[in-house]
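Architecture and fold: a report
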Amino acid sequence: MEPDFVQNAAFHNDLAAHYDVHLRSSPYNDLAREAFRDLVARLVPAGSTLLDFGCGTGLDAFDYAQRGYRVLAYDNSPGMVAQLEARCGAQIASGTVATCAADYPSFLDRFPAWTAPDAVVSNFAVLNSIRDLSPLFEIFARQLRPPGWIIVSILNPLHWAKVKAPGWWREAWRSPTGPRLFSARPYRTYLHFLPAVLKAARRFHLVGRANAGMFVRYDAVAAAGKERLWWGDAGSPTAHVLWRTPAFRLLGHFTFLALRRDP
Ligand SMILES: C[S@@+](CC[C@H](N)C(=O)[O-])C[C@H]1O[C@@H](n2cnc3c(N)ncnc32)[C@H](O)[C@@H]1O
């Protein structure tokens, strides 16, 4: 069997030129992206350096550069990075954006010769392509400048549409606490539950989390204050009510996690 990163890079190299159009398949993708970037901008001071892990075609890198961040853009797929380089040509020329398209094991072995980032950001389920997150979070813990942020958007493992699939329960039986294989095609995708992420990112603590679907609801964890943020203004009155109950954990295709490693 091909390693995950090889299978994944082949798929994304083929998809690269069509990726931006492909994202339009869900009306909620734009809302999720807008909310994610906004959350990053609220948590990480402008002027900081962001490592965009699994940067794809640079939709976010371009936006972060416009907002005054320096961006280190890494992806396992050279085809996706080529698209980013076309989009961010001016920012690369000015030194605001730097790129790296090494394969994933090389990234783990030799962190690119970049200045230390202040935050890792990773949008649209990149981490769901990686089975074991511990080595990656260990690299981030070593490389990040204090305090060191990780802000990620991963697949919501409790999304009702996944939970109702027989495969969800089969994998729950096989791997009750670890990463669960969710789909094998077109590339292997794993579901990561919060306790497992926090265990893998043991040098970081959770600052807040969000669910992103028809709405995006962000709640800071109690120790970080009681802040709650909302994005989106669509949907029926029932949906409005549901998103205000604990059942909102079953809603939304994506979960955002904001983690910080204090000194
Ligand atoms: C769904 S796309 C998301 C791209 C981008 N973050 C965005 O918001 O549009 C997933 C990206 O993750 C990259 N990727 C998958 N596995 C990776 C890995 N192990 N290391 C780095 N990048 C990876 C893929 O090449 C692809 O560009």
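For the structure, check the block above.
Residues numbered from 1 in each chain as written. Predicted model: local features only at pLDDT ≥ 70, side-chain atom pairs only at ≥ 80, totals over all residues. Heavy atoms only, no water.

1. A few points about the nonpolar core
- Counting 48 residues, the largest nonpolar core has Val44, Ile151, Tyr218 and Phe256 as the members making the most contacts within it.
- Sort the elements by how many residues they give to this core and helix H3 (residues 29–43) lands first, with seven residues.
- If we skip the residues at most four places from it in the chain, Phe256 touches Ala32, Ala35, Phe36, Leu39, Val152, Ser153, Gly208, Arg209, Ala210, Ala212 and Val216.
- Counting residues in hydrophobic clusters, the runner-up holds 32 residues, among them Phe111, Ile130, Ala200 and Leu257. (Core = buried A, V, L, I, M, F, W, Y, C linked by side-chain atoms within 4.5 Å. Buried < 20%, exposed > 50% of the residue type's maximum accessible area, 1.4 Å probe, protein only. Helix = DSSP H or I, 4+ residues; strand = E, 2+ residues; numbered from the N terminus. Contact = heavy atoms within 4.5 Å.)

2. Describing the side chain of Ser129
- Mapped onto the secondary structure, Ser129 falls in the loop between strand E4 (119–122) and helix H8 (134–143).
- With a relative accessible area of 15%, Ser129 lands in the buried category.
- The contact partners of Ser129, leaving out residues within four places of it in the chain, are Asp4, Asn8, Tyr187, Arg188 and Tyr190.

3. Comments concerning the site of the ligand
- Residues in contact with the ligand amount to 20 residues; listed here are only the nearest, Tyr19, Arg33, Gly54, Asp75 and Asn123.
- Asp75 places a side-chain nitrogen or oxygen 2.6 Å from an oxygen atom of the ligand.
- For the ligand, the accessible surface in isolation is 590 Å², of which the surrounding protein chains cover 96%.
- The residue inventory of the shell around the ligand, partitioned by class, reads nine nonpolar, eight polar and three charged. (Near = heavy atom within 4 Å. Polar contact = N/O pair within 3.5 Å; in protein donor to acceptor, adjacent residues only side chain to side chain. Areas by Shrake-Rupley, 256 points an atom, 1.4 Å probe, with all protein chains shown as cover. Nonpolar A, V, L, I, M, F, W, Y, C, P; charged D, E, K, R; others polar.)

4. Topic: the pattern of salt bridges
- Scanning the entire structure with this criterion turns up 14 salt bridges.
- For Asp63, the salt bridge goes to Arg37, with nearest N and O atoms at 3.7 Å. Placement of the pair is Asp63 in helix H4 (residues 59–66) and Arg37 in helix H3, with a sequence separation of 26 residues.
- Connected through salt bridges with shared partners, the residues Arg33, Arg37, Asp60, Asp63 and Arg67 form a single ionic network. (Salt bridge = Lys/Arg side-chain N within 4 Å of Asp/Glu carboxyl O.)

5. Topic: a nonpolar patch on the surface
- A surface patch of nonpolar side chains, amounting to about 270 Å² of accessible area, comprises Leu158, Trp160 and Leu250.
- Position of Trp160 relative to the elements: it lies in helix H9 (residues 160–163).
- Here Trp160 falls in the partly exposed class, since its relative accessible area comes to 46%. (Patch = residues over 30% accessible without salt bridge, like charges linked within 9 Å, V, L, I, M, F, W, Y side chains within 5 Å.)

6. Description of the packing of aromatic side chains
- This structure, assessed with the given rule, holds 17 aromatic pairs.
- Between Phe36 and Phe256, the aromatic rings sit 5.3 Å apart at their centres with planes inclined by 85 degrees, giving edge-to-face as the arrangement. Remark: Phe256 occurs in strand E11 (residues 254–260) and Phe36 occurs in helix H3; sequence separation between them is 220 residues. For the pair formed by Phe36 and Phe256, the shared burial category is buried.
- Aromatic side chains Phe111 and Trp114 sit 6.1 Å apart centroid to centroid with 85 degrees between the ring planes, which places their arrangement in the edge-to-face category. (Phe/Tyr/Trp six-rings, centres within 6.5 Å; stacked < 30°, edge-to-face > 60°.)

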